[in-house]
Amino acid sequence: MTTAPSTRIRIVDAFADRPFTGNPAGVVLLDAFRDDAWHQHVALEVNHAETAFAHPLPAGGEADWALRWFTPATEVDLCGHATLATAHVLHATGAATGPVRFATRAGVLRATAHADGTLTLDFPTAPLTPAELPEAAARALGARPVAAYDTGPHLGDLLVELADEKAVRALTPDHRSLAEHSERGVIATAPAEDPSRGYDYVSRGFFPRVGIDEDPVTGSAHTALAPFWSERLGRNDLTGLQASPRSGFVRTSVRGDRTLLTGRAVTVIEGDLLA
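Everything numeric in this text was worked out from a predicted model, so none of it was measured.

(A) View of the pairing of strand β12 (residues 185–191). Among the seven residues that make up β12, six are buried, leaving the element largely enclosed by the rest of the structure. Here strand β11 (residues 157–161) runs beside β12; their pairing, made up of five bridges, is parallel. By the bridge assignment, Leu-158 is partnered in β12 with Val-186. One ladder, built from six bridges, connects β12 with strand β13 (residues 201–207); its direction is antiparallel. Bridge pairing links Val-186 to Phe-206 in β13.

(B) Structural context of helix α2 (residues 80–93). Taking 1.5 Å per residue as the helical rise, α2 with its 14 residues ought to reach 20 Å, and the 20 Å between its terminal C-alpha atoms agrees with that figure. Burial analysis of α2 places eleven of its 14 residues in the buried class, the great majority of the element. For α2, the set of buried residues is Gly-80, His-81, Ala-82, Thr-83, Leu-84, Ala-85, Thr-86, Ala-87, His-88, Val-89 and Leu-90. One or two residues past the end of α2 sits Gly-94, with phi positive at roughly 85°.

(C) Looking closely at the side chain of Arg-10. The topology assignment puts Arg-10 in strand β1 (residues 7–14). Dropping the residues within four chain positions of it, Arg-10 is found in contact with Ala-25, Gly-26, Val-27, Val-89, Thr-93, Thr-267, Ile-269 and Glu-270.

(D) Molecular detail of helix α1 (residues 36–46). Of all the residues in α1, the buried ones are Trp-38, His-39, Gln-40, Val-42, Ala-43 and Val-46. At its buried positions, α1 is contacted by β1, β2 (23–29), β3 (50–56), β4 (65–70), β5 (75–76) and β18 (265–273). In this structure Asp-35 caps α1, since a side-chain oxygen of it lies 3.1 Å from the backbone nitrogen of Ala-37. Asn-47 lies just past α1 and shows a positive phi near 60°.

(E) Structural context of the pairing of β4. Here β4 lies mainly inside the structure; six of its six residues are buried. Here β4 shows a buried face lined by Trp-65, Leu-67 and Trp-69 and a second buried face lined by Ala-66, Arg-68 and Phe-70. Here six bridges tie β3 to β4, and the two strands are oriented antiparallel to one another. Each bridged residue has a counterpart across the sheet, and for His-55 the counterpart in β4 is Ala-66. Looking at chain direction, β4 and strand β6 (residues 100–104) are connected through two bridges and run parallel. Its bridge partner being in β6, Trp-65 is matched across the sheet by Phe-102. As defined by bridge partners, β4 adjoins β5 across two bridges and the pair is classed as antiparallel. Opposite Phe-70, over in β5, you have Glu-75 as the bridge partner.

(F) Examining the packing of aromatic side chains more closely. For the structure shown, the criterion picks out six aromatic pairs. When the ring of Tyr-149 is compared with that of Phe-228, the centres are 5.4 Å apart and the planes differ by 65°; the resulting orientation is edge-to-face. Pair noted here: Tyr-149 is in strand β10 (residues 147–150) and Phe-228 is in helix α6 (residues 222–233), with a separation of 79 residues, a long-range link. This pair shows no difference in class: Tyr-149 is buried, exactly as Phe-228 is. Ring centres 6.2 Å apart and planes at 15° place the aromatic pair Tyr-201 and Trp-229 in the stacked group. Here Tyr-201 is found in strand β13, whereas its partner Trp-229 is found in helix α6, with 28 residues between them in sequence. Side by side, Tyr-201 and Trp-229 carry an identical accessibility label, which is buried. In textbook terms, an aromatic cluster arises when at least three aromatic residues are bridged by ring pairs, as seen for Tyr-149, Tyr-201, Phe-228 and Trp-229. Positioned over the ring face of Phe-33 is Arg-68, at 5.3 Å from the centre of the ring. One residue, Arg-232, lies across the ring of Phe-228, its end atom 3.6 Å from the ring centre.

Cut-off values and rules
- Residues numbered from 1 in each chain as written.
- Predicted model: local features only at pLDDT ≥ 70, side-chain atom pairs only at ≥ 80, totals over all residues.
- Heavy atoms only, no water.
- Buried < 20%, exposed > 50% of the residue type's maximum accessible area, 1.4 Å probe, protein only.
- Helix = DSSP H or I, 4+ residues; strand = E, 2+ residues; numbered from the N terminus.
- Pairing = 2+ DSSP bridges.
- Expected span 1.5 Å × (residues − 1).
- Contact = heavy atoms within 4.5 Å.
- Polar contact = N/O pair within 3.5 Å; in protein donor to acceptor, adjacent residues only side chain to side chain.
- Phe/Tyr/Trp six-rings, centres within 6.5 Å; stacked < 30°, edge-to-face > 60°.
- Lys NZ or Arg CZ within 6 Å of the ring centre and 35° of its normal.

This is the structure in structure tokens:
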């Protein structure tokens, strides 16, 4: 029996400075993308929030690598933590030595590695439009919002401001019902109860519509959280805590129509994909 050539696959904890925290992502580096069904099967097998697939592009173009992201259920337009994980793998393996430009469904995204081990992603800032949160959505979330905002086409989330950090941490949504009220998911947020703890705002992200009941640390959501809190707090440079059970910090910096997301990543598993 002929064995198919193996492909290296890695599991990386993103927005984490130690294993088993932050948000795990699968990372698969390829010579070229395969058919969509194969990518989806691999993402389902990995069964983390996202699995990233990347391949190098010819020199001289607007990007260095092509990048796609799949949840266990579908392909998505934008993913922060799996992009951070991919940049980490490229630098850890020597496949990249400087800033990396990724061609994606959300345009060209840039990742820069720093001497201290952090990585910074350059993503488009999400537009925020006031929205009405239907009563059924508030019931599904399990909290009464202060305000709600649409985050635009690339995210497709509802950003929901709650009264305080305790309300965000106490959420126990009805995920099945919540899936009916957004294109991708719902981001709940509130100001930090005590900023001396090292973060300015807190959030949680629920994305049952794309197969993720609660995402541990959602980098892409911070392209909406950053401008939201920067406007209210009067500072461009902030730190967000996503208060999932795994938890993780995202340093955010709003630069007009671009938002910078900075964090660390740790490879926890390496193996061979034989299918």
